[in-house]
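# Coordinates in review
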Amino acid sequence: MSKLNRSEIKAKARSVLEQHPTGIRWTDLLRAVEKDEPETPHNSVHGGVHHFLKTEKDVVKIAKGTYLLAQFLGTIEPSPNVLSGKPETAAVSLAQLPTHLEHQYYEAFADWLTDELDDVNHAVAVGGNILKGKWGTPDVIGVLKPKSSDLVKFEPQIVSAEIKTDPNAPVVAFGQSVAYRLFSHKSYMVMPETVTKPDLERMEALATLYGIGLVTFTLDPSAPAFELKVRAVPSQPDMFYVNEMARRLLDHDKSLFDKLF
């Protein structure tokens, strides 16, 4: 098996895009082109795919790091950038893109918070408005409690998280994450990696300034690939609101309360 040349790499990249009418992320496209091509150096494939995405006039960038062939835009009128051959932005209806529901990521983040980040011993998916009240309900609540093996014991610490699948909702995510600090020792805002670079930079700055944690993830319920950007800084919550939250959780679902506390 001989290695692919530039033209063959571009042809294979186009073939992959033709099989993804809702778009494909850059890293997935690169893996698909490299598949079954062990003789072709990674740098050659990387350069060929990059050149293909930047030069082909019918390749559209529909989100950060996500590409689509213009033929799949249907009747959507392309933006001036598409007409000029610049794959920067394009108007795409929500019906043409995969639907990502926030609750699809609750359990995965609860597991990640426990097993990977090691910020809690136990975490549960909550979400919705089960705690009621205008201050909202965290999507995930976790608790860090001392283990029997710990020589120095400590009071349980509550960790809350707000998950958004809409990359255009960073302000809402930040506001809710700040509100959760009323009853949480740590609070995280969890945003899709498709959030724009300027928004991500602002969120990182605000997270650092206010002690809020920031995590990004891939919009794929089967493999969300959570990535820590800013670790939450612990702070002391108001115990009045801690007990108010705990009471509402107990009234809603005693099994969830017992699992945490």
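Here is a short report on the structure shown in this document. Note that the structure is predicted; figures quoted are calculated from it, not measured. Sequence order sets the numbering: in each chain, residues are counted from 1 along the sequence as written. Residue-level local features of this predicted model are given only where pLDDT is at least 70; pairs of side-chain atoms are given and counted only at 80 or more, and the full residue set underlies all totals for whole chains, interfaces and linings. Derived side-chain values reflect all non-hydrogen atoms in the structure, with water molecules and hydrogen atoms excluded from consideration.

## What about the overall build of the chain?
Operational definition: Only runs of H or I of at least four residues qualify as helices and only runs of E of at least two qualify as strands under DSSP, and these elements are numbered from the N terminus. Classification of residues uses two cut-offs on accessible area relative to the type maximum, computed with a 1.4 Å probe and protein chains only: under 20% is buried, over 50% is exposed, and between them is partly exposed. All accessible areas in this document rest on Shrake-Rupley with a 1.4 Å probe, and a residue is counted as covered only by the protein chains that are shown.
Secondary structure summary: the chain contains nine helices and nine strands in total. For the chain, the proportion of its 261 residues judged to be buried stands at 40%. If you sum the accessible surface of the chain, you get close to 14000 Å²; carbon and sulfur atoms cover 54% of it.

## Quick look at a nonpolar patch on the surface
Here is the rule we go by: Each patch is built from residues lacking any salt bridge and having more than 30% relative accessible area; the joining distance is 9 Å for like charges and 5 Å for nonpolar side chains (Val, Leu, Ile, Met, Phe, Trp, Tyr). Any Lys or Arg side-chain nitrogen found within 4 Å of a carboxyl oxygen on Asp or Glu counts as a salt bridge.
The grouping of Val 178, Leu 206, Leu 209 and Tyr 210 at the surface amounts to a nonpolar patch, some 360 Å² of accessible area in total. The greatest single-element share of the nonpolar patch, amounting to three residues, is contributed by helix α7 (residues 197-210). Along the chain, Tyr 210 falls in helix α7. With a relative accessible area of 42%, Tyr 210 lands in the partly exposed category.

## What about the nonpolar core?
Heads up, the rule is: We define a nonpolar core as any set of buried Ala, Val, Leu, Ile, Met, Phe, Trp, Tyr and Cys residues linked to one another through side-chain atoms lying within 4.5 Å.
Grouped together as the largest cluster of nonpolar side chains are 19 residues, with contacts concentrated most on Phe 109, Leu 113, Val 140, Ile 163, Tyr 188 and Val 190. Mapped onto this core, the elements with two or more residues apiece are α5 (106-115), β6 (157-163), β7 (186-192) and β8 (213-217). The greatest single-element share of this core, amounting to five residues, is contributed by α5. In this structure, Val 33, Val 49, Phe 52 and Leu 53 belong to the second largest nonpolar core, which totals 16 residues.

## A closer look at the sheet that holds strand β4 (residues 122-125)
The line we're drawing: Here, any two strands with at least 2 DSSP bridges between them count as paired. Here an angle of 0 to 180 degrees is reported between the N-to-C directions of two axes, which are lines fitted to C-alpha atoms, with helices fitted over the stretch in contact. The criterion used for residue contact is that any of the two residues' heavy atoms lie within 4.5 Å.
Spatially, six strands are ordered β4-β5-β6-β7-β8-β9 in an open sheet, and the strand pairing comes out mixed. Two strands lie at the open edges of the sheet, namely β4 and β9 (227-230), each paired on one side alone. Neighbour-to-neighbour, the strand axes of this sheet turn through a mean angle of 25°, independent of strand direction. Here strand β5 (residues 140-144) runs beside β6; their pairing, made up of five bridges, is antiparallel. Bridging from a neighbouring strand, Val 140 pairs with Ala 161 of β6. In this fold α7 packs onto β7, β8 and β9, with an angle of close to 150° to the strand it touches most, β8.

## Quick look at helix α3 (residues 42-55)
Selection rule: How far a helix is expected to stretch is found by multiplying one less than its residue total by 1.5 Å. This arc is built from the directions going out from the helix axis to the C-beta atoms.
The end-to-end C-alpha distance of α3 is 20 Å, a good match for the 20 Å that 14 residues give at a rise of 1.5 Å each. Those residues of α3 lying buried are Val 45, Gly 48, Val 49, Phe 52 and Leu 53. Around the axis of α3, the buried residues are gathered within 130° of arc, so they sit on the same side. On its buried face, α3 sits against α1 (6-18), α2 (26-34), β2 (59-63) and β3 (66-69).

## Details of a negative patch on the surface
As a reminder of what qualifies: We score Asp and Glu as negative and Lys and Arg as positive, and we do not count His or the chain ends. In this description, the location of a charge corresponds to atom NZ of lysine, CZ of arginine, CG of aspartate or CD of glutamate.
There is a patch of like negative charges on the surface, built from Glu 107, Asp 111, Asp 115, Glu 116 and Asp 118. If you trace the backbone, Glu 116 turns up in the loop between α5 and β4.

## A short note on the pairing of β8
How we decide: By convention, a crossover is right-handed whenever its connection, traced from the first strand over the helix to the second and viewed with the strands pointing away, goes clockwise.
Buried residues dominate β8, accounting for five of its five residues. Because side chains alternate across β8, one face comprises the buried residues Gly 213, Val 215 and Phe 217, and the other comprises Leu 214 and Thr 216, equally buried. Bridge count for β7 against β8 is five bridges, and the pairing is parallel. Note on β8: the bridge partner recorded for Tyr 188 is Gly 213. Handedness of the β-α-β unit built from β7, α7 and β8 comes out right-handed. Here three bridges tie β8 to β9, and the two strands are oriented antiparallel to one another. Note on β9: the bridge partner recorded for Leu 214 is Val 230.

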